[in-house]
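Single-letter residue listing:
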Amino acid sequence: MGELQYQLDLLHAMNQKLTDNLEMYQVICEMSESIYVYCDFEHNKIEMVGQFDQFFPFPLVSMGDLEHIFEYVREEYAEQLRDVIYPEYAQKEHGSLECCLNRGSVWLRFESMLICDERTGRPKTKIIRINNISKAKMQNEELQYLAYYDLMTGMYNRNYFVSILSRWVQKAQEEKEIISLICIDIDDFKKINDGMGLVVGDELIQVFGQFLKEFAGEDIIVSHANNDVYYMAIYAPVGAHSTESITERINKRLEEPFKLTQGREIKFTVSMGIALYPESTQSAMELINCAEIIMLQAKMSGKNSIRYFESPVLEEFKEMIEIENQLKKAIRENKFELYFQPQFDSGSRKLRGAEALIRWWDDTGHMVSPAVFIPIAEESGMIVSIGDWVIDEAIRIYSVWQKKFDCTFIMSINISAIQYRKPDFVPNLVKILKKYNVDPKYIELEITETVLIKDFVEVVHQLRVLKEYGIKISLDDFGTGFSSLSYLKGLPIDTLKIDKSFVDTVLIDHSTKVITESIVSMVKKLGYETVAEGVETEEQYEYLKDIECDNIQGYLLGKPMPAKDMELVIERNQ
Ligand code: C2E
Ligand code: CA
Ligand code: CA
């Protein structure tokens with residue numbers, strides 16, 4: 001009896017524990033967001049925890065009901081899902097699959113586990129767990145989208161383009177194929193943006209991008225790289241997919257305007273740079289660089305054009321980068337010096353002035369010509385700090401000479417367009433003149449026509465301000481730009497420098513002679529002083545004197561020289 005009571009108590013206790021456990025499991029299952037489907041093979045019965053009906057609107061009672069799940073899943077997942085839901089047929093203990101329902105964009109993860117009878121090996125139970133993973137999937141997709149696509153146009157972005165191109169380059173290496181890379185840039189996009197507004201600019205980028213996307217296919221990828229720049233890569237470019245055929249089609253389309261919203265229409269041109277694998281370079285990144293560089297060159301040489309990359313361009317480019325880096329260092333270490341080239345009155349041969357010309361010796365001790373490094377400094381913006389130094393140094397030296405020689409000749413200083421456009425240019429200049437106590441009438445600024453091309457009105461206004469201060473203005477390199485004599489009229493300048501290219505040929509070429517003579521006589525009528533530069537021979541000198549060119553500058557009378565040597569020239573002249 002005691003034994004039986006003990007057994008009964010024990011059973012009771014175990015039962016209680018089981019109930020407790022069951023409750024605990026239920027709570028756990030309910031708290032979890034998973035759905036558990038518990039299948040009992042022996043009794044063909046299904047137990048379930050979780051909100052199955054949230055995704056599947058049918059009761060799950062017997063094993064046969066599982067079949068209905070497939071009606072709600074996208075077809076392409078059905079076969080794989082079958083293996084997960086029926087692990088007993090797939091003969092797998094575990095299975096799992098992420099799949100999408102055929103309505104909405106709900107993503108579920110199915111996992112299953114099969115338990116077999118140890119003795120007979122027959123399936124006893126299986127548990128299927130279902131989780132809603134839509135949120136994670138969406139985030140992932142969004143991230144993937146951001147990683148591959150450009151938001152504005154929906155085209156491949158630069159990164160993704162580079163990664164595909166890298167793969168293509170490998171493939172092309174194995175298959176000994178060619179890849180053509182076209183860099184396409186909308187001409188004067190800034191003007192469109194400034195003139196018509198950012199919204200129109202953005203729309204144009206989208207619309208043109210859509211057009212370019214039409215070329216995309218198995219062997220053509222198109223990408224929106226940035227701003228108004230697109231890349232297109234063609235694998236094995238032949239026939240209708242040849243570079244020529246495609247660029248032609250692009251240009252043909254550009255003959256017609258593009259339609260934007262609100263009835264707007266816009267017509268524009270593009271500049272294209274083309275680089276080829278393996279001819280131009282062997283790496284994907286460099287291929288892009290080459291196409292970009294050559295596109296920029298196409299742009300600089302007049303836009304609306306196509307250019308092919310040739311290897312020397314890359315060399316030039318590398319050299320340019322090298323000079324740029326060295327220049328930065330030279331600015332930090334103040335490695336510049338000013339040379340001076342005298343200018344003489346053609347009649348009396350008296351010293352009229354000196355042109356300050358910058359000199360720079362690089363690390364190896366070679367003198368780099370300003371004709372080489374000034375354009376690089378202009379492009380990179382470094383000209384501003386270099387130019388500031390030139391102005392300060394030239395005026396400083398002039399003040400030294402004034403004290404030493406009581407001189408009255410003119411100091412000519414070259415000014416780049418970028419420098420001139422800085423709003424604080426005039427105030428700074430005036431400050432420096434005060435600092436060294438130099439009368440502005442002894443200072444002449446040499447500007448080129450490129451200064452005038454942009455904002456003619458604004459520039460003329462600034463020239464007037466300079467004139468009010470008494471500073472002289474000289475128009476440099478006259479004859480090399482658009483050189484229209486008509487715009488000279490009314491320009492507030494004092495001096496006109498006739499370019500060396502005229503002086504070089506004036507005695508050989510009849511038409512140059514006619515032009516030079518008419519320039520000189522007309523300029524004199526306008527009341528400007530003339531300086532001929534690059535005079536190397538006595539014949540040139542005599543001729544220029546005869547046609548009444550006022551001043552002469554050139555190797556014949558003096559090469560550019562250090563300040564010390566220039567002092568000797570000044571002394572000799574007094
Ligand atoms: P530029 O202003 O036209 O200067 C005249 C150039 O012609 C100078 O070259 C001078 O040395 C050279 N030259 C003068 N007479 C003769 C001659 O008889 N025969 C020959 N073959 N050449 C002659 P440089 O000093 O090499 O300067 C080249 C250019 O660099 C200058 O042309 C100017 O555009 C620019 N540059 C020089 N210094 C400065 C500067 O301080 N600031 C800026 N912005 N540009 C500068
Ligand atoms: Ca000059
Ligand atoms: Ca010049």
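Residues numbered from 1 in each chain as written. Chains lettered and ligands numbered in written order. Predicted model: local features only at pLDDT ≥ 70, side-chain atom pairs only at ≥ 80, totals over all residues. Heavy atoms only, no water.

> Would you mind going over the coordination of the calcium ion (ligand 3) with me for this structure?
For a metal bound by four donors in a tetrahedral arrangement, the ideal donor-metal-donor angle is 109.5 degrees, while six donors in an octahedral arrangement ideally sit at 90 or 180 degrees. Around the calcium ion (ligand 3), the donor atoms from the protein are Asp476 (OD), Asp477 (OD), Glu533 (OE) and Glu533 (OE), and they sit 2.1 to 2.8 Å away. Written as a sequence motif, the donor arrangement for the calcium ion (ligand 3) is D-D-x55-E. Metal-to-metal, the separation of the calcium ion (ligand 3) and the calcium ion (ligand 2) is 3.9 Å; Asp476 coordinates the two. Of this pair, Asp476 sits in strand β18 (residues 472-478) while Glu533 sits in strand β20 (residues 529-533), and the two are 57 residues apart along the sequence. For the pair Asp476 and Glu533, one class covers both residues: buried. (Donors = N, O, S within 2.8 Å, 3.2 Å for Na, K, Ca; no water. Helix = DSSP H or I, 4+ residues; strand = E, 2+ residues; numbered from the N terminus. Buried < 20%, exposed > 50% of the residue type's maximum accessible area, 1.4 Å probe, protein only.)

> When you look at the nonpolar core in this model, what are you seeing that I'm missing?
With 85 residues, the main nonpolar core has Phe340, Ile395, Trp401, Ile413 and Leu445 as its most contacted residues. The greatest single-element share of this core, amounting to twelve residues, is contributed by helix α12 (residues 383-405). The residues contacting Leu445, other than those within four sequence positions of it, are Ile413, Ile415, Phe425, Leu429, Leu466, Ile471, Lys472, Ile473 and Ser474. Within the second largest apolar cluster, 30 residues are counted, among which are Val37, Phe70, Leu101 and Trp107. (Core = buried A, V, L, I, M, F, W, Y, C linked by side-chain atoms within 4.5 Å. Contact = heavy atoms within 4.5 Å.)

> Would you take a moment to explain the sheet that holds strand β1 (residues 35-40) for this structure?
With respect to topology, five strands assemble into an open sheet ordered β2-β1-β5-β4-β3, the strand pairing being antiparallel. With partners counted over all chains shown, the strands left at the sheet margins are β2 (45-49) and β3 (94-100), one partner each. Strand after strand, the sheet turns through a mean of 15 degrees between neighbouring axes, direction not considered. Bridging between β3 and strand β4 (residues 107-116) involves seven bridges; their strand directions are antiparallel. Looking across to β4, one finds that Leu97 is bridged to Phe110. Relative to β3, helix α2 (residues 75-85) is tilted by about 145 degrees, and along the sheet it contacts β3, β4 and β5 (123-132). (Pairing = 2+ DSSP bridges. Axes fitted to C-alpha atoms, helices over the stretch in contact; angles between N-to-C directions.)

> Teacher, can you tell me more about the coordination of the calcium ion (ligand 2) here?
Ligation of the calcium ion (ligand 2) by protein atoms is provided by Glu355 (OE), Asn414 (OD1), Glu446 (OE) and Asp476 (OD), these donors lying 2.1 to 2.3 Å from the ion. In the primary structure, the donors to the calcium ion (ligand 2) are separated according to the pattern E-x58-N-x31-E-x29-D.

> Would you take a moment to explain the packing of aromatic side chains for this structure?
Geometrically, a pair of aromatic rings is defined through the distance of the ring centres and the angle of the planes. For the structure on display, the rule yields 32 aromatic pairs. When the ring of Phe161 is compared with that of Tyr231, the centres are 5.3 Å apart and the planes differ by 50 degrees; the resulting orientation is tilted. Here Phe161, found in helix α5 (residues 158-175), pairs with Tyr231, found in strand β8 (residues 229-235); they are 70 residues apart in sequence, far enough to count as distant. Between Phe208 and Phe268, the ring centres sit 5.3 Å apart and the planes meet at 90 degrees, which makes this aromatic pair edge-to-face. Here Phe208 is found in helix α7 (residues 198-213), whereas its partner Phe268 is found in the loop between β10 (265-266) and β11 (270-277), with 60 residues between them in sequence. For the pair formed by Phe208 and Phe268, the shared burial category is buried. Grouping aromatic residues by their ring pairs yields a cluster made of Phe208, Phe211, Phe215, Tyr230, Phe258 and Phe268. The side chain of Lys171 reaches across the aromatic face of Tyr235, ending 4.3 Å from its centre. (Phe/Tyr/Trp six-rings, centres within 6.5 Å; stacked < 30°, edge-to-face > 60°. Lys NZ or Arg CZ within 6 Å of the ring centre and 35° of its normal.)

> Would you mind showing me how to read the site of ligand 1 here?
Every one of the 22 residues lining ligand 1 counts as a neighbour, but Gln341, Arg359, Ser416, Glu536 and Tyr555 are closest to it. At 2.8 Å from an oxygen atom of ligand 1 is found a main-chain nitrogen or oxygen belonging to Tyr555. Burial of ligand 1 by the protein amounts to 82% of the accessible area it has alone, namely 790 Å². Of all the secondary structure elements, the ones that give two or more residues to the shell around ligand 1 are β14 (351-361), α11 (370-380) and β18. (Near = heavy atom within 4 Å. Polar contact = N/O pair within 3.5 Å; in protein donor to acceptor, adjacent residues only side chain to side chain. Areas by Shrake-Rupley, 256 points an atom, 1.4 Å probe, with all protein chains shown as cover.)

> What am I meant to see in the domain arrangement of the chain here?
For the chain, the domain assignment lists domain 1 (32-138), domain 2 (149-309) and domain 3 (327-573). When each unit is reduced to the centre of its C-alpha atoms, the spacing between domain 1 and domain 3 is 86 Å. (Domains from an automatic or database assignment.)

> When you look at the pattern of salt bridges in this model, what are you seeing that I'm missing?
Charged atoms that come close allow side chains of opposite charge to pair. Under the criterion given, the structure shown has 28 salt bridges. Linking Arg129 and Glu111 is a salt bridge whose minimum nitrogen-to-oxygen distance equals 3.2 Å. With a gap of 18 residues between them, Arg129 in strand β5 and Glu111 in strand β4 connect regions that are remote in the sequence. Across the pair Lys404 and Glu567 runs a salt bridge whose closest N-O atoms are separated by 2.9 Å. One end of the pair, Lys404, is in helix α12; the other, Glu567, is in helix α21 (residues 563-573), and 163 residues separate them in sequence. Of the residues examined, Glu567 reaches a relative accessible area of 12% and is grouped as buried. (Salt bridge = Lys/Arg side-chain N within 4 Å of Asp/Glu carboxyl O.)

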